[in-house]
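# Structural overview for review
Spelled out, the chains give:
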Amino acid sequence: MQLADYHATTENIDATTDAALTDALVQAVDPELMVDMLNLGLVYHVRRTDNGDYEVQMLLTQIGCPLTDYLDKMVQHAIALVAPDARCGCSSG
């Protein structure tokens, strides 16, 4: 599976890394809904920067979501499983 299978777009990410990121992000489960972040459609763009870091754009289900920080950390952990030396920034919009 690829991120595009979950309607997420990517930038500067090869197919092997895309598949690994998909596998890792499918393990990031929203604790209230018990559904992973990809199937919920919360992750909509993943970009690998020129220096190898990652930027993830997410769309949360409600404004002021109390789990924003927690979900950010879950995504950062998933990225770290694939690229342990990379930094990851998350933004929600």
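Preceding this section is the structure that the text describes.
This is a predicted model, so every value here is computed, not measured.

Reading guide: rules and limits
- Residues numbered from 1 in each chain as written.
- Predicted model: local features only at pLDDT ≥ 70, side-chain atom pairs only at ≥ 80, totals over all residues.
- Heavy atoms only, no water.
- Helix = DSSP H or I, 4+ residues; strand = E, 2+ residues; numbered from the N terminus.
- Rg over C-alpha atoms; globule rule 2.2 N^0.38 Å.
- Contact = heavy atoms within 4.5 Å.
- Areas by Shrake-Rupley, 256 points an atom, 1.4 Å probe, with all protein chains shown as cover.
- Buried < 20%, exposed > 50% of the residue type's maximum accessible area, 1.4 Å probe, protein only.
- Lys, Arg positive; Asp, Glu negative; His and termini not counted.
- Salt bridge = Lys/Arg side-chain N within 4 Å of Asp/Glu carboxyl O.
- Polar contact = N/O pair within 3.5 Å; in protein donor to acceptor, adjacent residues only side chain to side chain.
- Pairing = 2+ DSSP bridges.
- Axes fitted to C-alpha atoms, helices over the stretch in contact; angles between N-to-C directions.

With that settled, the discussion passes to the overall build of the chain. Secondary structure assignment for the chain yields two helices and six strands. Along the chain, from the amino end to the carboxyl end, the secondary structure elements read β-α-β-β-β-β-α-β. At 12 Å, the chain has a C-alpha radius of gyration in line with the 12 Å of a compact globule built from 93 residues. Principal axes of the C-alpha set define a box for the chain whose edges measure 30 × 25 × 20 Å. When contacts within the chain are restricted to residue pairs at least 6 apart in sequence, those whose partners lie at least 24 apart make up 52%. Approximately 5,300 Å² of the chain is accessible, and the part contributed by carbon and sulfur atoms is 50%.

In terms of backbone geometry, most residues other than glycine have negative phi values and most peptide bonds are trans. Positive phi, close to 65 degrees, is recorded for His-7, a residue that is not glycine. Tracing the backbone through its elements, the reader meets His-7 in the segment before β1 (9-11). Among the residues examined, His-7 registers a relative accessible area of 71% and is labelled exposed. With a phi angle near 60 degrees, Asn-12 is a residue other than glycine that sits in the positive phi range. By the secondary structure assignment, Asn-12 is in the loop between β1 and α1 (15-25). Exposure remark for Asn-12: the relative accessible area of 48% places this residue in the partly exposed category.

Along the chain, Asp-18 falls in helix α1. Although Asp-18 lies buried, it forms no salt bridge, and the closest oppositely charged side chain, Arg-48, sits 12 Å away as judged by the N-O distance. There is a polar contact of 2.8 Å between the side chain of Asp-18 and the backbone nitrogen of Leu-3. Apart from the residues within four sequence positions on either side, Asp-18 is in contact with Gln-2, Leu-3, Thr-10 and Ile-13.

One open sheet holds the four strands; their spatial order is β1-β4-β5-β6, and the pairing between them is mixed. A single partner strand is all that each edge strand has here, and the edge strands are β1 and β6 (88-92). When the angles between neighbouring strand axes are averaged without regard to direction, this sheet yields 15 degrees. By the bridge criterion, three bridges tie β1 to strand β4 (residues 43-48) in an arrangement that is parallel. Within β4, the position partnered with Thr-9 by the bridge is His-45. Contacting β5 (54-58) and β6, helix α2 (residues 68-82) runs over the sheet at an angle of about 140 degrees to β6.

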